Amino acid sequence: MSSNLNKVILVDSQLEDYFLKVQAKELQNISLFKVVIAENSLKLDYYNEGPIPGDFEQVNNSLQPEEPCYFLLKQSDISWSLISWLPEGHVKIRDRMKYATGRNSLKEAFGHKLITNDYHFTQLNEFKLTKAKLDSNNPKKLQEERRAVMTPFEIIREEVKESQKVTQTEQIEALKARAEKAEKTSLNHFISGGFHQVQIPLSQNLKESIKNFQNDEISWIELKVTDKKDSIDLEKTLSSSEFDVNSKQTKIPITEPNQPRFFLCKVPNPDYKEITRA
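Residues numbered from 1 in each chain as written. Predicted model: local features only at pLDDT ≥ 70, side-chain atom pairs only at ≥ 80, totals over all residues. Heavy atoms only, no water.

As a further point, take the overall build of the protein. Within the protein, the secondary structure is distributed over 8 helices and 12 strands. For the protein, with 278 residues in total, the buried portion stands at 33%. Total accessible area on the protein is roughly 18300 Å²; 51% of this is exposed by carbon and sulfur atoms. (Helix = DSSP H or I, 4+ residues; strand = E, 2+ residues; numbered from the N terminus. Buried < 20%, exposed > 50% of the residue type's maximum accessible area, 1.4 Å probe, protein only. Areas by Shrake-Rupley, 256 points an atom, 1.4 Å probe, with all protein chains shown as cover.)

Most of strand β5 (residues 79-85) is tucked away: 7 of the 7 residues are buried. Of the two faces of β5, the one lined by S79, S81, I83 and W85 and the one lined by W80, L82 and S84 are each fully buried. Across 7 bridges, strand β4 (residues 69-76) lies against β5 in antiparallel orientation. The residue of β5 that forms the bridge with K74 is W80. With antiparallel pairing between neighbouring strands as the criterion, β4 and β5 make up a hairpin whose turn holds 2 residues. The pairing of β5 with strand β6 (residues 115-121) spans 6 bridges and is parallel. The residue bridging L82 from the neighbouring strand is D118, located in β6. Handedness of the crossover joining β5 and β6 through helix α4 (residues 93-110): right-handed. (Pairing = 2+ DSSP bridges. Right-handed = clockwise from strand over helix to strand, strands pointing away.)

Below, the discussion takes up α4. Residues three or four positions apart in an α-helix share a direction because the helix packs 3.6 residues into each turn. Taking 1.5 Å of rise per residue, 18 residues should cover 26 Å, and α4 covers 26 Å from first to last C-alpha, within 8% of that figure. At G102, α4 shows its maximal kink, close to 25°. Every buried residue of α4 is accounted for by Y99, G102, R103, S105, L106, K107 and F110. (Expected span 1.5 Å × (residues − 1). Bend = angle between axes of the 7 residues up to and from the residue.)

Before going further, it helps to examine the packing of aromatic side chains. For the coordinates displayed, the defined rule picks out 8 aromatic pairs. Between Y18 and Y47, the ring centres sit 5.4 Å apart and the planes meet at 45°, which makes this aromatic pair tilted. Of this pair, Y18 sits in helix α2 (residues 13-23) while Y47 sits in strand β3 (residues 41-49); the two residues are 29 residues apart in sequence, bridging distant segments of the chain. Residue class for Y18 comes out buried when judged on its relative accessible area of 18%. Each ring, one from F19 and one from F33, has its centre 5.8 Å from the other, and the planes form 85°; the classification is edge-to-face. Remark: F33 occurs in strand β2 (residues 30-38) and F19 occurs in helix α2; sequence separation between them is 14 residues. Within the aromatic cluster, the residues linked to one another by ring pairs are Y18, F19, F33, Y47, W80 and F110. (Phe/Tyr/Trp six-rings, centres within 6.5 Å; stacked < 30°, edge-to-face > 60°.)

Right, let's talk about the side chain of S84 for a bit. One can find S84 in strand β5. By relative accessible area, S84 is classed as buried at 2%. Apart from residues no more than four positions distant in its own chain, S84 is found in contact with C69, Y70, R103, Y119, H120 and F121. (Contact = heavy atoms within 4.5 Å.)

This part is about the sheet that holds β6. In any sheet, the strands associate via hydrogen bonds between backbone groups, in a parallel or an antiparallel arrangement. If you trace the 6 strands from one edge of the open sheet to the other, you get β1-β3-β2-β4-β5-β6, paired in mixed fashion. Either end of the sheet is taken by a strand with one partner, and the two such strands are β1 (10-11) and β6. Relative to β3, β1 is paired through 2 bridges, and the arrangement is parallel. Looking at the pairing, V11 lines up with L42 of β3. Sitting on the sheet, α2 is in contact with β1, β2, β3, β4 and β5, with an inclination near 50° to β3. The strands touched by α4 within the sheet are β1, β2, β3, β4, β5 and β6, with β4 carrying the most contacts at an inclination of about 30°. (Axes fitted to C-alpha atoms, helices over the stretch in contact; angles between N-to-C directions.)

Let us look at the nonpolar core. Ranked by size, the top nonpolar core spans 36 residues in total, and within it F33, L42, L72, I83 and F110 carry the most contacts. Among the elements of the structure, α2, β2, β3, α3 (56-62), β4, β5, α4 and β6 are those that each provide at least two residues to this core. If one sorts the elements of this core by residue count, β2 sits on top with 6 residues. Those residues within four positions of L42 in sequence are excluded, and the remaining contacts are I9, L10, V11, D12, L15, V35, V36, I37, Y70, G102, S105 and L106. Within the second largest apolar cluster, 12 residues are counted, among which are I200, L202, F213 and I218. (Core = buried A, V, L, I, M, F, W, Y, C linked by side-chain atoms within 4.5 Å.)

It is worth stressing that arrangement in space is one thing and function is another; only the former is reported here.
This is how it looks when you write it as C-alpha cells:
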C-alpha cells in the first residue's frame with residue numbers, strides 16, 4: 001500500500017504537449033486547463049478557449065462539486081493561477097495524498113515561473129470569496145458591474161467625463177516632459193547660435209573640469225567646438241592662483257584671439273558667468 005502512495009505522479013504525453021506549447025506561446029487562446037489524476041498520471045480533462053485574463057466563473061462552470069482536480073487559469077502570457085480542488089468530505093485519504101504529490105509534478109511540467117498564484121480550495125464558498133476579493137481589486141471588473149445597472153444616458157455622461165480627464169492628464173504629462181527636457185538640455189548642453197540652433201554635447205574631459213570649477217579648484221575654463229562639430233571640448237583651464245578674480249590686474253587669458261571660443265570664469269560675487277566671444 002505504501003509503495004503505491006509513494007509513486008511519482010507523471011504527466012501524460014498529451015498534457016505535456018499542451019504545456020510545451022503554452023511555454024512556447026503557441027496556444028494564445030486557451031484560458032483554462034482542467035487536469036485530473038488517473039492511474040497515477042496527470043491527464044487533461046478539459047480546456048477552455050475564452051477571454052483573457054481568465055475568470056473564476058470559468059472555473060465554477062467546469063468543476064464537479066464532488067470530484068478532485070486541478071485548474072490552471074490564465075492571467076496573462078506570463079502569469080497563470082494554479083487551483084487545487086479537493087472537496088471536503090468527498091476525497092479519500094489515498095486520493096488526497098496523490099493530489100498533494102501531483103501538485104509538484106504539475107508545477108514542474110507547466111513551469112514554476114508561469115504560476116504566479118497558488119490556491120487550495122476544499123469548499124465551494126471559497127471560490128466565491130476569492131473571486132469577490134479579486135474583483136474588488138480589479139477596477140475594470142468593477143466598472144463592468146457598475147455599467148450593467150446604468151442607463152444609456154448615464155454611461156454616455158460618464159464616458160464624456162472620462163474623456164475630459166484623459167485629455168487633461170495628457171496635457172499635464174506633455175508639459176512635464178517638455179519641462180524636464182528643457183532642464184536637462186540647459187544642464188548638459190551649450191547651444192550654438194545663428195539661424196539654426198543645434199544641441200552640441202560636452203566632452204567627458206570638459207564635464208570633469210566643470211565639476212572642479214564648481215569646487216573652486218579652477219577659476220577659468222576655455223572651451224571650443226571640435227573640428228568635427230560633434231562636441232564641445234576643453235581648450236585649457238587656469239587655477240584660482242593663476243587667474244585671480246579679485247585682482248584688478250588680472251587680464252582675460254585668450255589663447256587664440258582669432259578663433260571663436262567659450263569661456264567660463266569666476267567673478268567676485270562669487271558666482272560665475274559665461275563669456276562668449278566670436
